[in-house]
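# Fold and contact review
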Amino acid sequence: MNQITIGDIVRGDREVFPPYLYEAYQSTRRRAPMLPLIEVPLTLSELTGPGPAISAITFEDSDLTRNAGTGGEAIGQRIIVTGRVLDDRSRPVPNTLLEIWQANAAGRYLHKRDQWPGPLDPNFLGMGRCLTNAEGIYRFLTIRPGAYPWKNHPNAWRPAHIHFSVFGPAMLSRLVTQMYFPDDPLHMLDPIMNAVPTAAARKRLIAVYDHSVTEPEWALGYRWDIVVRGASETPFEAQEDEQ
Amino acid sequence: MSRLPLTSSQTVGPFFAPTLLREDAVRHVLTQPDTIGERIRVEGHVLDGDGLPVPDAMVEIWQANAGGRYNHSADQGPAEVDLTFVGFGRSGTTEDGSYWFETIKPGRVPFTGERAQAPHICVAIFARGLLNHLITRLYFEDEQSNAEDPILQCIPAERRATVIARRKTHEELIVYCFDIILQGAGETAFFNL
């Protein structure tokens, strides 16, 4: 983990986004582009996007504790994960689709390629989705995922996390990321999280425990806001902003 | 104006498919029977730096309709919206790294002033090992307007061919082949967007 090459090619803000090549995360080595990314102006193609249209035709499915359809409830610490989706001008992003996936309470994914000997839970699929409301607020009910072993390096364990896919208002705002839980000793050992270049940006991937979200005798509450690139109303305006 | 700091990106990892590619989330076919426009199939492979297929990638596309209008409030025309066409596609890749879409060839969309862009499809690639998704465009090799496209002109001439899909002749269906090479010889031109 000590001697690693960190690539120079980054899409977007270097203080925020990880480089494509981060050798400590081995899968980047043959998949990271090596040539410079092309600088291009924003056009209508980037300032539009499928988000609003997709939201109109996707049904919500935000209770991962029961959506396996078995009639039974997933095992694990029941949690509420909620927050707001905002753009970088602090404007809420309403009616946008969030898709999430996660391991079960034992750290096992329901996936044919996950074969480590953690138990599966017949009542847990580990997938959910919801739309933000008019204030940009989303809310999932799920169980806290376990840590997950992987083969990246000896005794490698991913910290507990939930994968999030967010559309936002335009192609420019498309984001896939991971939410982590506070006070996890695995954070500092995780090359995927540590590929994020600054402590401040890493911290923004960690949810906050929020007792006001916690519901008595029901579920613990976590709050996590997501900030995506905004799309201005017209390409012309956006181009001025970029300068 | 002070901006909120953005949320960083993380890889989709190896286990996204049951969620992002579930039956009602995957979108290979963008058209409906009444959709206006020339039917085309777009297909290709996602390949890594060793030239090996990437079997666990996801390719998303976004495009205008046949008249060059996006199905989005930021596009005010003058071309008309085709209510049967959203313009969004999402495909996984198979063991040989291949993905496919059935769609229509998009029209030209405005750039600035009187200028228009050449017909193109926006492409985003997600995969294990990609800490941030990659963004590129697909252009069509049999388009005269490519020569005046403002985005193509940003790409060094020797790399432009990497974003131009090759037309294959089939009896019934027009097929455009577009391989996405993540790294190495023939590496696709990706955008800093």
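All residue numbers here refer to positions counted from 1 along the written sequence of the relevant chain. Whichever chain is written first is A, and whichever ligand is written first is 1; the rest continue in order. Local features are withheld for residues below a pLDDT of 70 in this predicted model, meaning they are given only at 70 or higher, and side-chain atom pairs are given and counted only at 80 or more; totals for whole chains, interfaces and linings count all residues.

For the purposes of this entry, the term helix denotes a DSSP run of H or I that reaches at least four residues, the term strand denotes a run of E that reaches at least two, and both are numbered from the N terminus. The secondary structure content of chain B amounts to 1 helix and 9 strands. Reading chain B from its N terminus to its C terminus gives the helix and strand order α-β-β-β-β-β-β-β-β-β. For chain B, the C-alpha radius of gyration of 17 Å lies close to 16 Å, the compact-globule estimate for 193 residues. Projected onto its principal axes, the C-alpha positions of chain B cover 55 × 40 × 40 Å. Intrachain contacts of chain B at a sequence separation of at least 6 include 71% that bridge at least 24 residues. We take the radius of gyration over the C-alpha atoms and set the globule estimate at 2.2 Å times the residue count to the 0.38 power. Here contacts are defined at the residue level, using C-beta atoms placed from the backbone and a cut-off of 7 Å between them.

A tally of helices and strands in chain A yields 5 helices and 11 strands. At 19 Å, chain A has a C-alpha radius of gyration in line with the 18 Å of a compact globule built from 243 residues. Each principal axis of the C-alpha distribution contributes one length, and for chain A these read about 55 × 45 × 35 Å. Backbone-placed C-beta atoms define the burial measure: a residue is buried with 20 or more other C-beta atoms within 10 Å of its own, exposed with 12 or fewer, and partly exposed in between. Buried residues in chain A amount to 46% of all 243 residues. Within chain A, counting contacts between residues at least 6 apart in sequence, those at least 24 apart form 68% of the total.

On to the interface of chain A and chain B, then. Note: interface size is frequently given as the accessible area lost on complex formation between the parts. Each partner contributes to the interface: chain A provides 65 residues, whereas chain B provides 60 residues. The set of elements that each furnish at least two residues to the side of chain A that touches chain B consists of α1 (44–47), α2 (51–56), β2 (97–102), β7 (161–166), β8 (175–180) and β11 (226–228) of chain A.

On to the sheet that holds β7(A). Residue and element names in this part refer to chain A. Any two strands with at least two DSSP-identified bridges between them are counted as paired. In spatial order, the strands read β3-β2-β7-β8; together these 4 strands make up an open sheet with antiparallel pairing. If you trace the sheet from one side to the other, it starts and ends with β3 (127–131) and β8, each paired once. Strand-to-strand twist in this sheet, taken as the mean axis angle between neighbours without regard to direction, amounts to 25 degrees. Here β2 runs beside β3; their pairing, made up of 5 bridges, is antiparallel. Bridged to L98 within β3 is C130. All axes here are fitted lines through C-alpha atoms, helices being fitted over the stretch that makes contact, and every angle between N-to-C directions spans 0 to 180 degrees.

This next bit is on the nonpolar core. If you look at the biggest cluster of nonpolar residues, it comprises 116 residues, and the most contacted ones within it are B:V46 and B:I125. The leading source of residues in this core is strand β5 (residues 120–127) of chain B, at 6 residues. There are two domains that each give this core at least three residues, and those are domain 1 (1–39) and domain 2 (47–242) of chain A. What makes a nonpolar core is a set of buried Ala, Val, Leu, Ile, Met, Phe, Trp, Tyr and Cys residues, with links drawn between C-beta atoms within 7 Å. Those domain boundaries reflect an automatic or database domain assignment.

With an omega of 25 degrees, the peptide bond between B:G77 and B:P78 qualifies as cis. Residue placement: B:P78 occurs in the loop between β2 (57–62) and β3 (88–92). Look at A:D183: it is not a glycine, yet its phi comes out positive at around 60 degrees. By secondary structure assignment, the location of A:D183 is in the loop between β8 and α3 (191–194). You can call A:D183 exposed: it has 7 C-beta atoms within 10 Å.

Right, let's talk about the environment of B:R115 for a bit. Residues and elements named next belong to chain B. You can see R115 is positioned in the loop between β4 (98–104) and β5. Among the residues examined, R115 registers 11 C-beta atoms within 10 Å and is labelled exposed. Here the alpha-carbon distance between R115 and R137, two residues 22 residues apart in the chain, equals 18 Å.

Below, the discussion takes up the domain arrangement of chain A. Residue and element names in this part refer to chain A. Structurally, chain A comprises domain 1 (1–39) and domain 2 (47–242). Computed from C-alpha coordinates alone, the two centres of domain 1 and domain 2 are separated by 23 Å. Taken together, the contacts link 10 residues of domain 1 with 9 residues of domain 2. Under the scheme applied here, ten amino acids are nonpolar (Ala, Val, Leu, Ile, Met, Phe, Trp, Tyr, Cys and Pro), four are charged (Asp, Glu, Lys and Arg), and all others, including Gly, are polar. When the residues that make up the side of domain 1 that touches domain 2 are grouped by side-chain class, the tally is 7 nonpolar, 1 polar and 2 charged.

All names here are of chain B. Mapping Q63 onto the fold places it in the loop between β2 and β3. C-alpha separation for the pair Q63 and R41, spaced 22 residues apart in sequence, amounts to 14 Å. Every residue in contact with Q63, bar those within four places of it in the chain, is listed here: G87, T103, P106, I121 and C122.

Attention now goes to the confidence of the model for chain B. Taken residue by residue, chain B gives an average pLDDT of 96. The fraction at 70 or more is 99%. Listed scores for the predicted complex are pTM 0.95 and ipTM 0.96. pLDDT expresses, on a scale from 0 to 100, how confident the predictor is about each individual residue.

Before going further, it helps to spend a moment on the pairing of β8(A). Residue and element names in this part refer to chain A. Judged by how many residues are buried, β8 sits mostly within the fold: 6 of 6 residues are covered. Residues L175, T177 and M179 of β8 are buried on one face, and the alternating residues V176, Q178 and Y180, pointing to the opposite face, are buried as well. Here 6 bridges tie β7 to β8, and the two strands are oriented antiparallel to one another. Bridging across to β8, H163 finds its partner in Q178.

The predicted model of chain A has a mean per-residue pLDDT of 93, with 94% of residues at 70 or higher. Counting interchain partners and residues more than four positions distant, the pLDDT-below-50 stretch residues 233–243 of chain A has 15 contacts.

Turning our attention to the pairing of β5(B). Residue and element names in this part refer to chain B. Across the 8 residues that make up β5, a large majority, 7, are buried. Judged from the 6 bridges that link them, β2 and β5 form a sheet pairing that is antiparallel. Across the sheet, residue M58 finds its bridge partner in β5, namely F126. Here β5 runs beside strand β6 (residues 134–140); their pairing, made up of 6 bridges, is antiparallel. By the bridge assignment, C122 is partnered in β6 with R137. What sits between β5 and β6 in their antiparallel hairpin is a turn of 6 residues, with G129 showing a positive phi close to 90 degrees.

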